[in-house]
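Structural characterization, general
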Amino acid sequence: MSCNLTYEELAEFAAGDVDESRAHVIERHVVECEACRHRLGVLSQLDSALRQLPRSEPSAAALLKVRRILSAELRTSRTPEIMTLDDVARFLRIDDDALGEIVEDLPAFEIGGEIRVRRTRLIEWVEQRELAYMKATTQSGVSRILSRVLAQGTS
Amino acid sequence: MDDISDDELYSMYADGDVEAFDTLFDRHRNSVFNFACTMLKDFTKAEDVMQETFLSVARAAKSYEPRGRFRTWMMKIVRNSCLNRIESERRRRAAIAESSLEFITPSSPEPPSLERIETDERVAVICRAISNLPERQREAIALYAFEQMQYKEIAQVLDMPINTVKTLIHRARASLACSLDPPRRALGENL
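Notes on the structure in this doc start here. (Residues numbered from 1 in each chain as written. Chains lettered and ligands numbered in written order. Predicted model: local features only at pLDDT ≥ 70, side-chain atom pairs only at ≥ 80, totals over all residues.)

Points about the overall build of chain B
Worth spelling out the cut-off: Helical segments are the DSSP runs of H or I of at least four residues, strand segments are the runs of E of at least two, and each set is numbered from the N terminus. With C-beta atoms placed from the backbone, a residue is buried if 20 or more other C-beta atoms are within 10 Å of its own, exposed if 12 or fewer are, and partly exposed between those counts. Contact definition: two residues whose C-beta atoms, as placed from backbone geometry, lie within 7 Å.
Per the secondary structure count, chain B includes nine helices and zero strands. Its helices and strands in sequence order give chain B the pattern α-α-α-α-α-α-α-α-α, from N to C terminus. Residue burial in chain B is summarised as follows: out of 191 residues, 34% are buried. Restricting to contacts in chain B with at least 6 residues of sequence separation, those with at least 24 account for 56%.

Thoughts on the overall build of chain A
Each helix and strand counted, chain A has eight helices and three strands in total. The buried share of chain A, reckoned over its 155 residues, is 14%. Sequence-distant contacts in chain A: of pairs separated by 6 or more residues, those separated by 24 or more amount to 52%.

A short note on the interface of chain A and chain B
Applied cut-off: All amino acids are sorted into three groups, where Ala, Val, Leu, Ile, Met, Phe, Trp, Tyr, Cys and Pro are nonpolar, Asp, Glu, Lys and Arg are charged, and the leftover types, Gly among them, are polar.
At the junction of the two partners, chain A supplies 33 residues and chain B supplies 40 residues. Broken down by element, the residue count for the side of chain A that touches chain B peaks at nine residues, all from helix α3 (residues 34-50) of chain A. When grouped by side-chain class, the residues that make up the side of chain A that touches chain B number 18 nonpolar, six polar and nine charged.

With respect to the nonpolar core
So the rule is basically this: Buried Ala, Val, Leu, Ile, Met, Phe, Trp, Tyr and Cys residues form a nonpolar core when they are connected through C-beta atoms within 7 Å.
Ranked by size, the top nonpolar core spans 59 residues in total, and within it Leu10 of chain A together with Phe35, Ala36, Ala140, Ile141 and Leu143 of chain B carry the most contacts. With nine residues, the single largest contributor to this core is helix α2 (residues 18-40) of chain B.

Some details on unusual backbone geometry
The bulk of non-glycine residues show a negative phi, and the bulk of peptide bonds are trans. One non-glycine residue, arginine 93 of chain A, lies in positive phi territory at about 60 degrees. As for its placement among the helices and strands, arginine 93 of chain A is situated in the loop between α5 (85-92) and α6 (96-102). At glutamine 148 of chain B, a position not held by glycine, the phi torsion is positive, near 50 degrees. Take glutamine 148 of chain B: it is sitting in the loop between α6 (135-145) and α7 (151-158).

A look at the packing of α6 of chain B against α7 of chain B
Residue and element names in this part refer to chain B. Which entries qualify depends on this criterion: Where helices are involved, their axes are fitted lines through C-alpha atoms of the stretch in contact, as for all axes, and angles between N-to-C directions lie from 0 to 180°. For classification purposes, an angle smaller than 35 degrees is called roughly parallel, one larger than 145 roughly antiparallel, one from 65 to 115 roughly perpendicular, and anything else oblique. Note on convention: the crossing is left-handed when the near helix lies turned anticlockwise from the far helix by less than a right angle, right-handed when the turn is clockwise.
It is the contact of α6 with α7, at a shortest axis distance of 10 Å, that shows an interaxial angle of 140 degrees. As judged from the angle between their axes, α6 and α7 are oblique. Relative to α7, α6 is oriented so that their crossing is right-handed. On α7, the residues that touch Glu139, Ala140, Leu143 and Tyr144 of α6 are Ile154, Val157 and Leu158. In the contact of α6 with α7, the residues fall into six nonpolar, no polar and one charged.

Notes on the pairing of strand β2 (residues 108-111) of chain A
Condition: Only strands that DSSP links by at least two bridges are regarded as paired with each other.
Bridge count for β2 of chain A against strand β3 (residues 114-118) of chain A is four bridges, and the pairing is antiparallel. Note that in β3 of chain A the partner of alanine 108 of chain A across the bridge is valine 117 of chain A.

Quick word on the pairing of β3 of chain A
Residues and elements named next belong to chain A. As paired elements, strand β1 (residues 82-83) and β3 share two bridges and run antiparallel to each other. Note on β3: the bridge partner recorded for isoleucine 82 is arginine 118. Hairpin connection from β2 to β3: two residues lie between these consecutive antiparallel strands, with glycine 112 at a positive phi of about 55 degrees.

Regarding helix α1 (residues 7-14) of chain A
Taking burial as the measure, the eight residues of α1 of chain A include six buried ones, the bulk of the element. On its buried face, α1 of chain A is in contact with α2 (20-32) and α3 of chain A together with α8 (162-180) of chain B. In the stretch just after α1 of chain A, glycine 16 of chain A is the one whose phi turns positive, near 75 degrees.

Description of the sheet that holds β1 of chain A
Residue and element names in this part refer to chain A. Strands sit in the order β1-β3-β2 across an open sheet of three strands; the sheet is antiparallel. Only two strands of the sheet have a single partner each, and these edge strands are β1 and β2. Docked against the sheet, helix α7 (residues 119-136) engages β1 and β3, running at close to 70 degrees with respect to β3.

Overview of the packing of α2 of chain B against helix α3 (residues 43-59) of chain B
All names here are of chain B. Direction vectors running N to C along α2 and α3 enclose 140 degrees, while the axes themselves pass 8 Å from each other. Considering the angle they form, α2 stands oblique to α3. When the axes of α2 and α3 are compared, the crossing they make is right-handed. Facing α2, whose interface residues are Phe21, Phe25, Arg29, Val32, Phe33, Ala36, Cys37 and Leu40, α3 presents Phe43, Lys45, Ala46, Glu47, Val49, Met50, Thr53, Phe54 and Ala58.

The following block contains the structure:
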């Protein structure tokens, strides 16, 4: 057999992906052909390097961003579309007292004597409050609120 | 949760266990990012694909049928997302070329190459060679080398017959071997 084996054929042979009779022919050839033995050596080095290649990893900033977005997604998708007041308190992460303070402002409706809130309306309502808060609050305002919260925490 | 299978975790998540999803994220985030990175050759775009993929996975829990194929199913989402980006980029470039505006369009910076992951000369050569492979060979070899997937799994992700996958991988290995062995190739390698 003259040496007209390609690297691709040797790659198939080295991976065990040629049929038995072809494998015998290549084996016999390789014994005689120094160039092919060398190339099989290179393929072997390549295959062992391929199994050890380090993976690229996302940056810490990207991971943080994806975690934050996922966390919001998971929290939202786990919440029912129609919420009870308990669901609202959990969603907003507030206690019953704080819920009592805002309950009259909530975009709620009544059904069968029970109060319910639609999740999408609640999210819009939260966004409006965020906007209003950002407009109305100056840096000193934030400081005042922080002082009040801290004072409540220590009392 | 290390000993729980992907399918079990995903099913726990579908039943409301958010921590199970966190475990899936930690288990697969590097694979997802690395595969996207190999396909797109761009870290920033790969990070966007990572975000897109996990959001899609989070939203698909109700429709997923557990058959022990979570990883291949997820990698398929990564691939589709990358292919969409590659296609949009091609269309964008074609549109720019057509309107002869390319000379006023700021050229995109050279993508941060896989050099970031070089640890020695051979790895560096292989990484550069992988990033220069044709698209289909590049995605096949990425799943073969980085994810150590079997031909069958790769065929599922790439949606092609196993024999085509084998051909792509052997061609890719042959090209990569040539990059490790340039002098002999120059002396008349028959490829």
